[in-house]
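Results of the structural survey
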Amino acid sequence: MKLLILGNDSRAHALTWKLFNSPTAGEISCAPGNGGTAPLASTPDFEPSDIAGIARWAFDESIGMVIPSYGLPLQLGLVDEAVSLGVNVCGPSQRAATMAYSRCATKAFMLRHKLPTPPGRPFDNLDTAERFLATQPMPVIIKADNPTLGEQVFDDRYAAIAGLHELFKARPLQGDNAGVVVESFIHGPRVVFSALTDGRTSLPLLPTRIYDRVDERDAGMHAPGIGAHTNHSKYASMLGDYMHQKLIQPIVESLAKDGLPYWGLLSIDCIIGADGPKLTGLRTTFHRGEAEVLLPRLEDDLLPLLQAAITQRLHDMPAPRFSPQASVGLGLFARGYPNYFASGGTIQGAEDLAQGVLLFHSDTERPQVSMGGGGFLGGFGFGASASTASSEARITGGQPVTVVTLGSTLAEARAAAMANAERIRFDGRSYRQSVAEREFA
């Protein structure tokens, strides 16, 4: 089966790598792609927001399945365009995908269906939001409706009100996503959890601890790709079972009640507070960092699972099998990320990575293919025998690559990630030392 993967960050690279090693996959294309996907997949030249053009290209090229690694194509209606041409897309229709790009819609959905979520409300009116904020205990977190516009935690009420005014002042720039969500800030680790669903059945994957602040101890600027880890402990297993039964399955049922057919990947963002996981967001694709640490542990062929989700045959599929290991993904970013950073330099040291260490590209340009290095493409293990000259990959953004390691324990995987991160060199290279220090704390 010919596949088209949409995306250009480390999620797209992880999916391309996993499907490249699938015995049931045929030719793979990835667009726009990056320096890591280039040796594994062809790179069609089309505009990522041209949904009609992508659907037509997939039809003309007899693509068996389109797999978005990020949510924008689904939000723009790729499924709706592709269905008319008989092209399969792993993801829901535009109506069901609304919640992935509207925090206000997500919060309203959670409240309407009485799902466990931090106290708070969505607002599209400044006066109402300001009156609500005046009644709330500090700290609070204020989120722009559009997830790409970020969020901010406030300990001071006057600063929170000023932040609220700034968001509403920017309404003309936000377009349809012009509201805000005001909710109580809950202290606790950020955990994401995904499942494959066909709208009726759901098959759980792994709970993943996500790090998305640039400074140690989850401080500093909010930024994607800082780090992630999974574990195979009893606690991780119990947490996954709980999140599947108490969160994923009720969400699938609630989507059906609302008349929103859903298939593909359903992912939830949670904060693990004192009284358990609280939902803070929904996604139609993997979180940045999640795919990178989850897919290397997946022992099954991914493609049949995706096919079953699209064709409503998940009830016939066994639960996915994962290796009994921990995995750590350490995002390497440039000093100043996510605001100011140098680009255009090269990445060096990938050929020095230990055997079996994975290096997923994100903000890189396509290097030329060559032989040698760490055993797999881009310094990988676990597969084909060729590798790329990753040391020649040019940096195009603030978070170029993610080092991923596996170990029999979380501490072992973390030590390997730290050691191999030191072997990668580029201008201003930084990473968080506290990633995976503790399991879900």
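Residues numbered from 1 in each chain as written. Predicted model: local features only at pLDDT ≥ 70, side-chain atom pairs only at ≥ 80, totals over all residues. Heavy atoms only, no water.

1. Some words on the overall build of the protein chain
Spelled out, the test is: By the criteria applied, helices consist of DSSP H or I runs no shorter than four residues and strands consist of E runs no shorter than two, each listed in order from the N terminus. Only C-alpha atoms enter the radius of gyration, while the globule expectation follows 2.2 Å times N to the 0.38, with N the number of residues. Classification of residues uses two cut-offs on accessible area relative to the type maximum, computed with a 1.4 Å probe and protein chains only: under 20% is buried, over 50% is exposed, and between them is partly exposed. Contact definition: two residues touch when any of their heavy atoms are within 4.5 Å. For every accessible area listed, the method is Shrake-Rupley and the probe measures 1.4 Å; residues are considered covered only by the protein chains on display. For the purpose of charge, His is not counted, nor are the chain termini; Lys and Arg are scored as positive and Asp and Glu as negative. Every charge is mapped onto a representative atom, which is NZ of Lys, CZ of Arg, CG of Asp or CD of Glu.
Looking only at helices and strands, the protein chain has 13 helices and 19 strands in total. The C-alpha atoms of the protein chain give a radius of gyration of 21 Å, which matches the 22 Å a tight globule of 441 residues would have. Across the 441 residues of the protein chain, 58% fall into the buried class. Considering only intrachain contacts with a sequence separation of at least 6, the fraction spanning at least 24 residues in the protein chain is 70%. Working note: accessible area of the protein chain is about 17,400 Å², and carbon and sulfur atoms make up 51% of it. Counting 38 positive and 45 negative side-chain charges, the protein chain places the averaged centre of each group 5 Å from the other.

2. A few points about helix α2 (residues 51-60)
Defined as follows: It is the directions from the helix axis to the C-beta atoms whose arc is reported.
Taken together, the buried positions of α2 are occupied by Ile51, Ile54, Ala55 and Ala58. Down the axis of α2, the smallest arc covering the buried residues is 95°, so these residues share one side. On its buried side, α2 packs onto β1 (3-7), β3 (65-68), α3 (72-75) and α4 (78-83).

3. Things to note about the nonpolar core
Worth spelling out the cut-off: To form a nonpolar core, buried Ala, Val, Leu, Ile, Met, Phe, Trp, Tyr and Cys residues must be joined to one another through side-chain atoms within 4.5 Å.
Within the largest apolar cluster, 41 residues are counted, with the highest numbers of intra-cluster contacts made by Ile5, Leu19, Met65, Ile67, Phe286 and Leu295. Sorting the residues of this core by element identifies β1, α1 (10-20), β2 (28-32), β3, β8 (190-197), α11 (290-294), α12 (302-310) and β15 (358-361) as the ones contributing at least two each. It is α12 that contributes the most residues to this core, seven residues altogether. If we ignore the near neighbours within four places in the chain, the residues touching leucine 295 are Ala14, Leu15, Trp17, Lys18, Phe286 and Leu302.

Keep in mind these values describe shape, not function.
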